[in-house]
Amino acid sequence: MTPSQLGILAAVLLVLLLAIRSDPRKRRERRARDFTRTLETALLPKETVKVICQQKKGRWILTNKRLLLEEKGGFHAVPLDKIKSIQGKNAAGNRTTAPANMVSLTAKADKDYSIQNTNDQFPELAKLLQAEQKKRKKKAENRK
């Protein structure tokens, strides 16, 4: 091969590599943009987002009224007053209430919803869910 042919081949390979690399980046940016649009349409009036926790299967979004679980087609909403209990587990599989030690968190409502500690937003989500649960239990005790 002559040097000019090698130069052309290198240029073609470089363009091909850049095209392959930019496609996933564009797809990731488009998904993030679409997520914010879909989330804005799913929120109720006067509902604010407290924390968003990314997971492999989707995101968990905690608002002041509901827990939204991202699914393929949209969101599954669990009202906070429908959540019966919240239970965390540490690495040994024992129950824990300290969000920093939790490996997983299970919210029990109409069915069990589990989340793994794979994100730096997880401890904040666990802490806010526990605080909401305590606040609701106190309210129920005061009514009696």
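Residues numbered from 1 in each chain as written. Predicted model: local features only at pLDDT ≥ 70, side-chain atom pairs only at ≥ 80, totals over all residues. Heavy atoms only, no water.

Engineer: Account for the side chain of Glu47, with residues named and values stated.
Structural biologist: Looking at the element boundaries, Glu47 is found in the loop between helix H1 (3-42) and strand S1 (49-54). Reaching out from Glu47, the side chain makes a polar contact with the side chain of Arg66 at a distance of 2.9 Å. Ignoring sequence-local partners within four residues, the contact set of Glu47 consists of Ala42, Thr63, Asn64, Lys65 and Arg66. (Helix = DSSP H or I, 4+ residues; strand = E, 2+ residues; numbered from the N terminus. Polar contact = N/O pair within 3.5 Å; in protein donor to acceptor, adjacent residues only side chain to side chain. Contact = heavy atoms within 4.5 Å.)

Engineer: Tell me about the pattern of salt bridges, and please be specific about residues and values.
Structural biologist: Tallying each qualifying case throughout the model produces 4 salt bridges. Note that Asp34 and Arg37 form a salt bridge whose closest N and O atoms lie 3.5 Å from each other. Here the residue Asp34 and the residue Arg37 both occupy positions in helix H1, the gap between them amounting to 3 residues, near one helical turn. Under the relative-accessibility criterion, Asp34 is labelled partly exposed at 33%. Residue Arg37 is classed as partly exposed on the basis of its relative accessible area, which comes to 48%. (Salt bridge = Lys/Arg side-chain N within 4 Å of Asp/Glu carboxyl O. Buried < 20%, exposed > 50% of the residue type's maximum accessible area, 1.4 Å probe, protein only.)

Engineer: So what about helix H2 (residues 122-143)? Which residues, and what values?
Structural biologist: The first and last C-alpha atoms of H2 sit 32 Å apart over 22 residues, in line with the 32 Å expected at 1.5 Å per residue. Residues Phe122, Leu125, Ala126, Leu129, Gln130, Glu132 and Gln133 constitute the buried set of H2. On an axial view of H2, the arc spanned by its buried residues comes to 160 degrees, and they lie on one face. Seen from the buried face of H2, the exposed residues on the opposite side, beyond 90 degrees, are Lys127, Lys134, Lys138 and Asn142. Against the buried residues of H2 lie S1, strand S2 (59-63), strand S5 (85-89), strand S7 (104-108) and strand S8 (112-116). (Expected span 1.5 Å × (residues − 1). Arc of directions from axis to C-beta.)

Engineer: Explain the sheet that holds S8 to me, and be specific about the residues and the numbers.
Structural biologist: Ordered by their spatial adjacency, 4 strands build an open sheet running S6-S5-S7-S8, and the pairing between neighbours is antiparallel. Where the open sheet ends on each side, the last strands, each with one partner, are strand S6 (95-96) and S8. Bridge analysis of S5 against S7 gives 5 bridges, and the strand direction is antiparallel. Bridge pairing in S7 links Ile86 to Ala107. Contacts from H2 reach S5, S7 and S8 within the one sheet, and its direction differs from that of S7 by about 30 degrees. (Pairing = 2+ DSSP bridges. Axes fitted to C-alpha atoms, helices over the stretch in contact; angles between N-to-C directions.)

Distances and angles like these do not, on their own, reveal function.
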